[in-house]
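Listed here are the chains, written in short residue letters.
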Amino acid sequence: MAKFKINNQDFFWKHADILYASAGVNPSGYDERIIPFIALKVLIDYRKVKFNLDYRNKFGLSDRDFEKIKGNNLRETFLNLIKNIEEFSNFKYMEQKAKYNNPKSNSEEKESAIKYFNEAFNFENHIKELSEDYLLEAILDIYNSIDFKEVPKEQFKDLYETTISRMRKGKQRGFNGNFIGQHFTQSATVKLMCEVAHSKMKKNNKLAIYDPACGVGMMLIESYFFFKNKGIKEIEVYGQEIDLKVWLLAKIFMEALDIPNTIARGNTLTNPAFINGLNGNDSFDFIITNPPFGIDWKHEEKIISENMQKEESSFFFVVKDENNKIILPPKNDGQFLFMLHIIKLMLNEKEKGKNAFAGIISSSSLPYNSGKSESIIRQRIFETGIVDTILLQPQNMFSNTSMQTCIWFLNTQKMDSKSKYNITIIRADNPNLYSKHPELIENMKNTYSDENIKEIVNLIKSNKKDVPFKKKIIDVKTGNSIISKLNISSEIPFESEKIEDIDLYELYIDLMAKLDCLCKTIKKDAKGCMK
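First, a word on what this report is: a plain description of the structure on this page. Worth saying up front: this structure is predicted, and the values here are computed from it rather than measured. (Residues numbered from 1 in each chain as written. Predicted model: local features only at pLDDT ≥ 70, side-chain atom pairs only at ≥ 80, totals over all residues. Heavy atoms only, no water.)

### Some words on the overall build of the chain
- Counting its regular elements, the chain contains 18 helices and 16 strands.
- When the 531 residues of the chain are sorted by exposure, 54% land in the buried category.
- When contacts within the chain are restricted to residue pairs at least 6 apart in sequence, those whose partners lie at least 24 apart make up 75%.
- Accessible area of the chain: about 25100 Å², with a carbon and sulfur share of 46%. (Helix = DSSP H or I, 4+ residues; strand = E, 2+ residues; numbered from the N terminus. Buried < 20%, exposed > 50% of the residue type's maximum accessible area, 1.4 Å probe, protein only. Contact = heavy atoms within 4.5 Å. Areas by Shrake-Rupley, 256 points an atom, 1.4 Å probe, with all protein chains shown as cover.)

Spelled out as structure tokens, the structure:
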């Protein structure tokens, strides 16, 4: 079997050629057809199902099992296999409460998430659009020639992300698939967030990791292996994702890597699955997330507003102004809603005697933008004492955007300390705190080296109040007032470049001489033209 090379995924283009040339599929639909085969092959290569894609040898099934799914042709047989995938499975963590698999269900009964496999990936329609068996044979042969299990765990996310990246690059050529709007958090950023969390953890052998906007679960996967390598014995992973396809991919990737998990499907802002707690009453909770920026939530405004009226039982940390009126974030951006949900969850856990720590990526303007509602929300958040650190990242940390971002670190252990109103701010866009990315991946030009991460973590841990051009500790309480914004770039300016002294008189004389010379040249050229 050919060795799989993560940077040479020619299977993508081979599959795309068949879809375009033989099945008449528009390039905008490539992702919907290629990602399902990746998901299926992952389950096969990690021995999570009892069959393979060798259609010449009954898909690796016994004669008895093959007779159960045998159809009139290869396409029909393959579809029968997909529809009965649960019967031919070896799953360990695919089963969870039905209410987590279907947001319309309240059932506590357990069921396998794989029952949504055909629905999520629309295999039936995709196979039926292949007019002849030989087209499906060609596709199956492509995936039979590679082994996804040869991808190291630390590169596992590239299996998905590199494919999506290809589609983004192809947008000028007509690629507009459903997955390409996503942006991914690079491994170095996740490692930094985990290292900061680990530095704040008290000794605890039980950990819950949660991402309320988990996508395909890559931040959760990397966090899981980070803390496992740190010797944490008992780790449970939790996440929530609104999109059916993406949710099931998260379940599949977790299953392949044997990660204990509960990944709920649904809208975290209107129906959060884990608001009542994570992993019992004795775990340390680590929340890590990169929620969507600029997502309009006006269609959910009624539900969210009504929920906030419940105050103590709300899904959110409810913010009020001086007139006791509930303040809502701007309807064109849900970033603060995710943060208010996370804070409420952390406060709920604190009431149980648990400690919780969160790393949340936001736009760079969220700590200081001047909107009235944002200012009041920030002020109330600062007032709780839960904000530990806000870190300004360099630009070009993501593959599909060059925008600058912040990381908010929230810590319930800080709320009862004498320094609750002290917030550490870090300028990680200082050239000495980041490195050039070894591989240029679209817009992703910058990264953190291990040395960078170590220095940043030490800056956060240090009791030293100020480190020029890198760190500052801000007391957000002045008298009886709490500040409402933190502009990190203003608070920690970079070292100004030295400007040489300029003699203005000499500059004037020089400019006049050059101007006189220019005028004489113009007059001479003009006389020549008149001859």
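### Things to note about the packing of aromatic side chains
- Under the definition given, this model contains 20 aromatic pairs.
- With a centroid separation of 5.1 Å and 80 degrees between ring planes, the pair formed by F117 and F121 is classed as edge-to-face. Within this pair, F117 and its partner F121 are both found in helix α6 (residues 117–121), separated by 4 residues, close to a single helical turn. Here the two residues F117 and F121 agree in accessibility, since each one is buried. (Phe/Tyr/Trp six-rings, centres within 6.5 Å; stacked < 30°, edge-to-face > 60°.)

### Quick look at the packing of helix α10 (residues 187–200) against helix α16 (residues 450–461)
- Their axes nearest at 10 Å, the elements α10 and α16 cross at an angle of 35 degrees. The interaxial crossing formed by α10 with α16 has right-handed handedness. Where α10 approaches α16, its residues A188, K191, L192, E195, V196, S199 and K200 are matched on the opposing element by D450, I453, I456, V457, I460 and K461. (Axes fitted to C-alpha atoms, helices over the stretch in contact; angles between N-to-C directions. Left-handed = near helix turned anticlockwise from the far one by under 90°.)

### Some thoughts on the pairing of strand β4 (residues 234–241)
- Here β4 lies mainly inside the structure; 6 of its 8 residues are buried.
- As defined by bridge partners, strand β3 (residues 206–211) adjoins β4 across 6 bridges and the pair is classed as parallel. Counted as the bridge partner of Y210 is Y238 from β4.
- Since β4 and strand β5 (residues 261–265) lie parallel, the crossover through helix α12 (residues 244–256) that links them has a hand, and here it is right-handed. (Pairing = 2+ DSSP bridges. Right-handed = clockwise from strand over helix to strand, strands pointing away.)

### Quick notes on the packing of helix α14 (residues 335–351) against helix α15 (residues 372–384)
- Their axes nearest at 12 Å, the elements α14 and α15 cross at an angle of 20 degrees. Considered as vectors, α14 and α15 are oriented roughly parallel to each other. For the pair α14 and α15, the crossing hand works out as left-handed. Residues F336, M339, L340 and I343 of α14 form the contact with α15, whose own contacting residues are E374, I377, R378 and I381.
- Its residues assigned to classes, the contact of α14 with α15 comprises 6 nonpolar, no polar and 2 charged. (Parallel < 35°, antiparallel > 145°, perpendicular 65-115°, else oblique. Nonpolar A, V, L, I, M, F, W, Y, C, P; charged D, E, K, R; others polar.)

### Here we look at the pattern of salt bridges
- Applying the stated criterion across every chain yields a total of 28 salt bridges.
- Across the salt bridge formed by E108 and K97, the nearest N and O atoms sit 2.8 Å from each other. With a gap of 11 residues between them, E108 in the loop between α5 (98–101) and β2 (110–112) and K97 in strand β1 (residues 95–97) connect regions that are remote in the sequence.
- Of the charged contacts in the structure, one is a salt bridge between E195 and K230, with a shortest N-O distance of 3.8 Å. (Salt bridge = Lys/Arg side-chain N within 4 Å of Asp/Glu carboxyl O.)

### Some thoughts on empty space enclosed by the protein
- Applying the stated rule across the entire model yields 2 cavities of 30 Å³ or more.
- Of the voids in this model, the largest cavity is the one considered here, and its volume is about 50 Å³.
- Residue lining of the largest cavity: H15, L19, R33, F37, H126, I127, E129, L130 and I139, and that is the complete set.
- Of all the secondary-structure elements, those providing two or more residues to the lining of the largest cavity are α1 (10–21), α2 (30–45) and α7 (123–128).
- Each residue belonging to the lining of the largest cavity can be placed in one class, and the counts come to 5 nonpolar, 2 polar and 2 charged. (1 Å grid on protein atoms, 1.4 Å probe; cavity = no way out; pocket = protein on both sides within 12 Å on 5 of 7 lines; lining within 4 Å. Points joined across faces, edges and corners; volume = space filled by probe spheres on them.)

### Considering unusual backbone geometry
- Look at N122: it is not a glycine, yet its phi comes out positive at around 55 degrees.
- Within the secondary structure layout, N122 lies in the loop between α6 and α7.

### Considerations on the nonpolar core
- Core analysis: the biggest nonpolar cluster contains 109 residues, and F78, F117, Y143 and F227 have the highest contact counts within it.
- Apart from the residues within four sequence positions on either side, F78 is in contact with F37, L40, L53, F59, F123, I127, L136 and L140.
- Membership of the second largest hydrophobic core comes to 55 residues, among which are W297, F336, I423 and I482. (Core = buried A, V, L, I, M, F, W, Y, C linked by side-chain atoms within 4.5 Å.)

### A word on the side chain of K471
- Along the polypeptide, K471 turns up in strand β14 (residues 471–475).
- Polar contacts involving the side chain of K471 include one to the main-chain carbonyl oxygen of S462, which spans 2.8 Å. (Polar contact = N/O pair within 3.5 Å; in protein donor to acceptor, adjacent residues only side chain to side chain.)

### A look at the sheet that holds β5
- Spatially, 10 strands are ordered β5-β4-β3-β6-β7-β9-β8-β10-β14-β13 in an open sheet, and the strand pairing comes out mixed. Whereas interior strands pair on both sides, the edge strands pair on one side only; in this sheet they are β5 and β13 (466–467).
- α14 rests against β3, β6 (284–289), β7 (356–363) and β9 (405–411) of the sheet, and its axis sits at about 175 degrees to β7.
- Its contacts with the sheet place α15 against β8 (387–392), β9 and β10 (422–427), and it is angled at close to 130 degrees to β8.

### As for the environment of V237
- Mapped onto the secondary structure, V237 falls in strand β4.
- When its relative accessible area of 0% is taken as the criterion, V237 is described as buried.
- As for V237 and G217, which are separated by 20 residues in sequence, their C-alpha atoms are 9.5 Å apart.

### Considerations on the environment of L392
- One can find L392 in strand β8.
- The exposure class of L392 is buried, given its relative accessible area of 3%.
- For the pair L392 and I425, spaced 33 residues apart in sequence, the C-alpha to C-alpha distance is 7.8 Å.
- Those residues in contact with L392 that sit more than four places away from it in its chain are S364, Q404, T405, C406, I426, R427, A428, D429, I488 and S489.

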